[in-house]
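Single-letter residue listing:
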Amino acid sequence: MLEVIALEKRFGETDVLKSIDLTVHAGELVFVIGPSGSGKSTMLRCCNRLEEPTSGAIMVDNERITDITRHDLDRMRLKVGMVFQGFHLYPHMSVLKNVMLAQVKALKRSKPEAEARAMDMLDQVGLAHKAAAMPAELSGGQQQRVAIARALALDPKVMLFDEPTSALDPELVGSVLRVMKQLREAGMTMVVVSHEMEFAREAADRVVFMDGGYVVEQGTPEEIFGAPKSDRLKSFLSRVSGHAPGARSAEHSDARPAAPQPEPAV
Ligand SMILES: Nc1ncnc2c1ncn2[C@@H]1O[C@H](COP(=O)(O)OP(=O)(O)OP(=O)(O)O)[C@@H](O)[C@H]1O
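The following paragraphs examine the structure supplied in this document. Keep in mind that what you see is a predicted model, and the values were worked out from it rather than measured. (Residues numbered from 1 in each chain as written. Predicted model: local features only at pLDDT ≥ 70, side-chain atom pairs only at ≥ 80, totals over all residues. Heavy atoms only, no water.)

## Let's talk about the nonpolar core
We apply this condition: What we call a nonpolar core is a set of buried Ala, Val, Leu, Ile, Met, Phe, Trp, Tyr and Cys residues that are connected through their side-chain atoms within 4.5 Å. Exposure classes here rest on a 1.4 Å probe applied to the protein chains alone. A residue is buried below 20% of its type maximum, exposed above 50%, and partly exposed in between. Helical segments are the DSSP runs of H or I of at least four residues, strand segments are the runs of E of at least two, and each set is numbered from the N terminus. When checking whether two residues touch, look at their non-hydrogen atoms; a contact exists if any pair is within 4.5 Å.
Among the nonpolar cores identified, the biggest contains 51 residues, and I33 and I148 are the most heavily contacted of them. Counting residues per element, this core draws most heavily on helix α6 (residues 170-185), at seven residues. Those residues in contact with I148, other than ones at most four positions away along the chain, are V83, V125, M159, F161, V176, V179, M180 and L183. Membership of the second largest hydrophobic core comes to 28 residues, among which are L7, V32, M76 and V191.

Printed below as a string of structure tokens:
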């Protein structure tokens with residue numbers, strides 16, 4: 001579904017991605033971990049050309065998106081949904097209008113069609129009852145779920161999540177992770193960059209460890225967290241957890257209480 005081939009990215013003199021190869025199969029949730037500055041976000045942003053790769057190729061749904069002209073980028077981006085740390089909702093528009101806008105503008109759906117799809121997606125993230133609200137009336141977790149509904153409404157083939165919970169208060173993280181978990185159960189192909197290691201253990205099909213612009217190691221959550229091979233991964237895990245590899249991390253023991261929100265059903 002998504003293939004990253006010999007991807008390199010340089011900012012000026014700095015080689016940020018040195019040669020990344022990664023294949024994400026349809027329906028897979030791939031979780032990307034690694035130290036700050038290792039290139040995780042840059043890799044994700046290259047996957048929908050928010051950053052232009054210096055060399056290498058990206059294939060999405062059998063289309064080589066690195067060959068697409070700038071003119072066709074908007075069409076390509078419809079295939080690749082992206083959810084950011086900040087929610088980027090339009091503050092002057094209702095929740096419903098936020099989820100409808102790109103459908104009407106980019107997909108040329110009629111307003112009734114876009115509204116029906118928006119209501120479906122809001123229902124899936126447990127927020128149909130907030131359709132008429134303005135973004136400022138919602139918690140951060142609810143706003144992020146609206147952002148997810150907005151991306152889903154465009155029928156993407158792949159969803160990319162760049163630190164989707166880092167801007168949230170701890171008690172709001174659970175509701176967003178629940179939606180992501182349900183999306184995965186519904187068969188969405190997802191690539192997630194996040195520091196939520198407990199979520200990676202529970203929900204990822206595969207965990208990819210990046211360091212210094214390379215994919216250093218990848219495997220199932222059991223392999224990565226329970227039996228890391230490389231010294232760099234072992235050292236990273238002990239830094240983020242303060243425990244020996246395989247132990248539950250300090251982050252994990254700081255259990256996220258479930259937010260008192262309606263249970264979303266994707
Ligand atoms: N637009 C840019 N111009 C110059 N350097 C950049 C740019 N974007 C990222 N970088 C650099 O690329 C490196 C990788 O950044 P990136 O955000 O991809 O790392 P990351 O692994 O996602 O880090 P974090 O976990 O802190 O978000 C960093 O050194 C960063 O300063």
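We are not done yet, so read on.
## Section: unusual backbone geometry
Most peptide bonds are trans, and most residues other than glycine sit at a negative phi. Located in the positive-phi region is D61, a residue other than glycine, with phi close to 50°. Positionally, D61 belongs in the loop between β4 (55-60) and β5 (63-64). The backbone phi angle of E163 is positive, close to 50°, even though this residue is not glycine. Mapped onto the elements, E163 comes out in the loop between β7 (158-162) and α6.

## Quick look at the pairing of strand β2 (residues 14-24)
Which entries qualify depends on this criterion: Following DSSP output, two strands are said to pair if at least two bridges run between them.
Of the pairings in the sheet, the one linking strand β1 (residues 2-11) to β2 comprises seven bridges and is antiparallel in character. Residue K9 lies in a different strand from β2, and its bridge partner there is L17. Where β1 hands over to β2, the hairpin turn is made up of two residues, of which G12 adopts a positive phi near 60°.

## Focus: the sheet that holds β5
Sheet architecture is open: four strands sit in the order β2-β1-β4-β5, paired in antiparallel fashion. Two strands close off the open sheet at either side, each with one partner strand: β2 and β5. Direction of pairing for β4 relative to β5: antiparallel, over a ladder of two bridges. Residue pairing in the sheet places V60 in a bridge with E63 of β5.

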